[in-house]
Amino acid sequence: MRINVLGVGFDNLTMDEAVARAVELLGEEGTHYVVTPNPEIVEVCRENLAAKIAVNEADLVLPDGIGVIKGAAMLGTPLKEKTPGVEFAGHLMGKMAETGKSLYLLGAKPGVAEQAAARLAEQYPGLHIAGTHDGYFQEDGPVIEAIRQSGADVVFVCLGAPKQELWMKKNGPATGAKLLCGLGGSLDVFAGVVERAPKFWSDHGLEWFYRLCKEPKRIGRMTKLPLFLVHVRQEKKKK
Ligand code: UDP
C-alpha cells in the first residue's frame, strides 16, 4: 500500500529495498518506470492532472527529499526514509555494473550527457553506456528510435518535471528498455556541472537552501515548498 501525500502515492521503502525492487523490475516482462517526486512535484501534481496520473502510475514512486518525509510524518503516515533520485541512481548503476546491464542517458543541455557518460563509465567499471542524447529535442520519434537501436536496458530520463514523467509514461514502452528512471537534474550532477549539497546540509534537511544559494534563479520554483507545507497542514486538519 502506498502512502498518500497530497494525492501522490509514495512507496514506503528504504534505499536498499527501492534498489532491490528496481533490479527485480529489470528482470520482469515489459517496460517499467520510476519517479522521484519532491514537494515541488507534488504541488505540480495538485494542479496538473496528467502529471499526477503519470506520477501515480509509475512502478516505483520514491520520495526525493526531506520535504516529502516531513509531510508524510505530519500526516501521521511516516515514510521509512528519503531516497533521493541521484543516490538511488548511483546504487542502481552499481548493481547494473555487476550484471553488465546497459544504460542510456537522456536529458540536460547539449554535451552534458556525454560528459556524464565519460565520468560514470570510469566510476562504475562494467557499466555499459549504450548512448546519450540531450534534452532539448523537438520530436520524440528520433530519440525513441535511438534508444531502441542502442538496446539499452535502463534509461535515465532527465528532462525536469513533469516533462520527464509524461515522457516516460507515453514513450517508455516504445524505447524497448526495461526500466526508465525520471531523475531531474541528476545528469548535471553526474557530469560535474552542478554540485550536490555537502552532507552536512542534506543531513540537516537543508539541501534545498544550499541549492537556492548556488542557483538563486530557483527562488520562483521554491515558493512551492512553503505552499506544500501549508497544504499538508490543511490536509492534517481535515483528518
Ligand atoms: N531539461 C531538459 N530539457 C528540457 C528542460 C529541462 O533536458 O526541456 C533538463 C535541464 O537541463 C536539467 C534538468 O532537465 O538538466 C532539470 O533539472 P532541474 O534542476 O529542474 O531538476 P530537479 O532536479 O530540480 O528536478
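For clarity, every value in this text was computed on a predicted model and none was experimentally measured. (Residues numbered from 1 in each chain as written. Predicted model: local features only at pLDDT ≥ 70, side-chain atom pairs only at ≥ 80, totals over all residues. Heavy atoms only, no water.)

Regarding the packing of aromatic side chains
Aromatic ring pairs are reported here in terms of the distance separating the ring centres and the angle at which the planes meet. Stated formally: Stacked, tilted and edge-to-face are the three classes applied to pairs of Phe, Tyr and Trp rings, where Trp contributes its six-membered ring and a pair requires centres within 6.5 Å; stacked means planes under 30 degrees apart, edge-to-face means over 60, and tilted covers the rest. Going along the chain from the N terminus, every DSSP run of H or I of four or more residues is numbered as a helix, and every run of E of two or more is numbered as a strand. Whether a residue is buried, partly exposed or exposed follows from its accessible area with a 1.4 Å probe, protein chains only, as a fraction of its type maximum: under 20%, in between, or over 50%, in that order.
This model, assessed by the stated rule, comprises five aromatic pairs. Ring centres of F137 and W167 lie 6.3 Å apart, and the angle between their planes is 70°; on these two criteria the pair is classed as edge-to-face. A residue pair is termed long-range when its members are at least 10 positions apart, and F137 in the loop between β6 (128-133) and α7 (140-150) and W167 in helix α8 (residues 163-175) qualify at 30 residues. Across the pair, W167 and F137 agree in class, each one buried. Ring centres 6.5 Å apart and planes at 90° place the aromatic pair F200 and W201 in the edge-to-face group. F200 gets classed as exposed once you look at its relative accessible area, which sits at 52%. By relative accessible area, which is 25% here, W201 ends up partly exposed. Taken together, the ring pairs connect F200, W201, W208, F209 and Y210 into an aromatic cluster.

Comments concerning the site of the ligand
Short version of the rule: The criterion for a residue being near a molecule or strand is simple. One of its heavy atoms has to lie within 4 Å of it. Any pair of nitrogen or oxygen atoms within 3.5 Å is treated as a polar contact; in protein, a donor-acceptor pairing is required on top of that, and neighbouring residues in sequence qualify only through side-chain atoms on both sides. In these tables, accessible area is a Shrake-Rupley quantity obtained with a 1.4 Å probe, and a residue counts as shielded only by the protein chains included in the view. Classes in brief: Ala, Val, Leu, Ile, Met, Phe, Trp, Tyr, Cys and Pro nonpolar; Asp, Glu, Lys and Arg charged; the others, Gly included, polar.
Surveying the vicinity of the ligand reveals 15 residues, the closest of which are G135, Y136, K163, D188 and R218. For the ligand, a nitrogen atom lies 2.8 Å from a polar atom in the backbone of G135. When isolated, the ligand has an accessible area of 550 Å², and the protein chains bury 80% of it. Of the residues assigned to the shell around the ligand, the class counts are four nonpolar, five polar and six charged.

What to know about the packing of helix α2 (residues 39-47) against helix α3 (residues 49-56)
Condition: For helices, the axis comes from a line fit to the C-alpha atoms of the stretch in contact; other axes are also lines fit to C-alpha atoms, and the angle between any two N-to-C directions lies between 0 and 180 degrees. Roughly parallel means an angle under 35 degrees; roughly antiparallel, over 145; roughly perpendicular, 65 to 115; everything else is oblique. Each crossing is labelled by how the near helix is turned from the far one, with a counterclockwise turn of less than a right angle marking it left-handed and a clockwise turn marking it right-handed. Whether two residues are in contact is decided by their heavy atoms: any pair within 4.5 Å suffices.
Across the interface, α2 lies against α3 with an axial gap of 5 Å and an inter-helix angle of 125°. Taken together, α2 and α3 sit at an angle that is classed as oblique. Seen along the crossing, α2 lies across α3 with a hand that is left-handed. Along the contact surface, α2 presents I41, V44, C45 and E47, while α3 presents L49, A51, K52 and V55. Grouping the constituent residues of the contact of α2 with α3 by class yields six nonpolar, no polar and two charged.

Observations regarding the pairing of β6
Here is the rule: DSSP-based pairing: two strands are paired if at least 2 bridges between them are found.
Bridge count between strand β5 (residues 102-107) and β6: five bridges; the pairing is parallel. Residue pairing for β6: L103 is matched across the bridge by I129.

Details of the sheet that holds strand β8 (residues 179-182)
One open sheet accounts for six strands, arranged β4-β3-β8-β7-β5-β6; its pairing is parallel. Whereas interior strands pair on both sides, the edge strands pair on one side only; in this sheet they are β4 (60-61) and β6. With five bridges connecting them, β5 and strand β7 (residues 154-158) associate as parallel partners. The residue of β7 that forms the bridge with L106 is V157. Its contacts with the sheet put α7 on β5, β6 and β7, and the angle it makes with β5 is roughly 165°.

With respect to the environment of K70
Positionally, K70 belongs in helix α4 (residues 66-74). Between the C-alpha atom of K70 and that of L229, which follows or precedes it by 159 residues, the distance is 8.8 Å.

Focus: the environment of I129
With respect to the secondary-structure elements, I129 resides in strand β6. Separated by 60 residues in the primary sequence, I129 and I69 place their C-alpha atoms 33 Å from one another. Non-local contacts of I129, meaning those with residues more than four positions away in its chain, are made with L103, A117, L120 and A121.

Focus: the pattern of salt bridges
We apply this condition: Any carboxyl oxygen of Asp or Glu that lies within 4 Å of a side-chain nitrogen of Lys or Arg is treated as forming a salt bridge with it.
Taken as a whole and judged by the stated rule, the model has twelve salt bridges. We note a salt bridge from E28 to R21, for which the minimum N-O separation is 3.3 Å. Owing to a relative accessible area of 30%, E28 belongs among the partly exposed residues under this scheme. Under the relative-accessibility criterion, R21 is labelled partly exposed at 27%. Across the pair K214 and E195 runs a salt bridge, and its minimum N-O distance is 3.6 Å. One end of the pair, K214, is in helix α11 (residues 207-214); the other, E195, is in the loop between α9 (186-191) and α10 (199-203), and 19 residues separate them in sequence. The class for E195 is exposed, based on a relative accessible area of 52%. Salt bridges linked by common partners bring R21, E24 and E28 together as one network.

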